[in-house]
Amino acid sequence: MKAVVLAGGKGSRLRPYTALIPKPLMPIGDHTIVEILLRQLARAGVTDVAMCVGHQAALIEAVVGEGSRYGLRISYQREETPLGTVGPLRVIERDLPERFLVMNGDILSDLDFAALHRTGEAAGAPLTVAVCERASKIDLGVLDLGPEGRVVGFREKPTYTFWVSMGIYAMSRSVLDFIPEGRPFGFDNLMHALLDAGEQVATFPFRGHWLDIGRSDDFAEAQDEFEKNRQRYLPD
């Protein structure tokens, strides 16, 4: 099983931390966030990882290495210019098997990667998205308006629940047909391209724990969560 880890972003929302340390190398307990992810992938049966790097690429390569200490074979693809979330896949397409996993390199989760891979195979879709529910509270009074602007309903500070992408995907090589070469192309662009073409996009609903560390408060929460529930993420 092969995985692609996307680790090329600048981590702008985590500044000033990421002025010196690339986001995949941010510490969670006594590990980096990407080390936790790599150990989880190896435990799930992944043998090969392609890391797409850009910002501070040399530092990531030096710290992570060639993968033997994680039980993996790790290769690197440097982005000379930013290619977005999924644009790098076209650069490494010759090395991709028929089915593979793709994920952001800044995620703390106890998701079962092997189960996601099996679900993607069973669905037969070009893209299977790991999704979880997130609640979002509106700290204002929300009005429902009729055709002429008359208020027909009112909710004070309501909470809405949405299914959101976790930044973790199972893909088939057919998805590459929708990704252009040589220019930035994000996950949002890919979703629209697949839906506009009438392609199936499957999901893998997940009810465990998931955090990305894109913001300072998320980073602090990930630190606390890992210290409290270390065995959940890196069982002995």
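Residues numbered from 1 in each chain as written. Predicted model: local features only at pLDDT ≥ 70, side-chain atom pairs only at ≥ 80, totals over all residues. Heavy atoms only, no water.

Caption draft 1: Fine view of the packing of aromatic side chains. Taken as a whole and assessed by the stated rule, the structure comprises two aromatic pairs. The interplanar angle of 20° and the centroid separation of 4.7 Å between the aromatic rings of Tyr169 and Phe187 together place this pair among those described as stacked. One end of the pair, Tyr169, is in strand E11 (residues 159-172); the other, Phe187, is in helix H5 (residues 187-196), with 18 residues separating them in the sequence. Of the two residues, Tyr169 and Phe187, both sit in the buried class. Seen in terms of ring centroids, Phe226 and Tyr233 are 6.2 Å apart; in terms of plane orientation they differ by 35°. Their pairing is tilted. Its relative accessible area of 2% is what places Tyr233 among the buried residues. (Phe/Tyr/Trp six-rings, centres within 6.5 Å; stacked < 30°, edge-to-face > 60°. Helix = DSSP H or I, 4+ residues; strand = E, 2+ residues; numbered from the N terminus. Buried < 20%, exposed > 50% of the residue type's maximum accessible area, 1.4 Å probe, protein only.)

Caption draft 2: Geometry of the pattern of salt bridges. Taken as a whole and assessed by the stated rule, the structure comprises twelve salt bridges. In this structure, Arg90 and Glu93 form a salt bridge, with 2.9 Å as the shortest nitrogen-oxygen distance. Overall, Glu93 belongs to the partly exposed group, its relative accessible area being 23%. Note that Lys228 is salt-bridged to Asp224, the shortest N-O span being 3.1 Å. You can see Lys228 and its partner Asp224 sitting in helix H6 (residues 216-228), four residues apart, about one turn around the helix. Using a relative accessible area of 39% as the deciding quantity, one classes Asp224 as partly exposed. Among the ionic contacts, a cluster of salt bridges with common partners joins Arg90, Glu93 and Glu181. (Salt bridge = Lys/Arg side-chain N within 4 Å of Asp/Glu carboxyl O.)

Caption draft 3: Broad picture of a nonpolar patch on the surface. Judged by side-chain polarity, Leu143, Leu145, Val151 and Phe154 come together as a nonpolar surface patch covering roughly 400 Å² of accessible area. Only strand E9 (141-145) and strand E10 (151-156) provide two or more residues apiece to the nonpolar patch. Mapped onto the secondary structure, Phe154 falls in strand E10. (Patch = residues over 30% accessible without salt bridge, like charges linked within 9 Å, V, L, I, M, F, W, Y side chains within 5 Å. Areas by Shrake-Rupley, 256 points an atom, 1.4 Å probe, with all protein chains shown as cover.)

Caption draft 4: Structural context of the sheet that holds strand E8 (residues 127-137). Across the sheet, which stays open at both edges, the seven strands sit in the order E5-E4-E1-E6-E11-E8-E12 with mixed pairing between neighbours. Bordering the open sheet on either side are strand E5 (73-78) and strand E12 (201-205), each of which pairs with just one other strand. Strand after strand, the sheet turns through a mean of 30° between neighbouring axes, direction not considered. With ten bridges joining them, E8 and E11 adopt antiparallel strand pairing. By the bridge assignment for E11, Ser136 is matched with Tyr160. Each of strand E6 (99-104), E8, E11 and E12 is contacted by helix H4 (residues 113-123), which is oriented at about 130° to E6, the strand it contacts most. Against the sheet, H5 touches E8, E11 and E12, its axis set at about 115° to E8. (Pairing = 2+ DSSP bridges. Axes fitted to C-alpha atoms, helices over the stretch in contact; angles between N-to-C directions. Contact = heavy atoms within 4.5 Å.)

Caption draft 5: Fine view of H4. Buried within H4 we find Phe113, Ala114, Ala115, Leu116, His117 and Gly120. The N-cap residue of H4 is Asp112: its side-chain oxygen and the backbone nitrogen of Ala114 are 3.1 Å apart. Following H4 by one or two positions, Gly124 adopts a phi angle in the positive range, close to 70°. (Polar contact = N/O pair within 3.5 Å; in protein donor to acceptor, adjacent residues only side chain to side chain.)

This is a description of form; function is not addressed.
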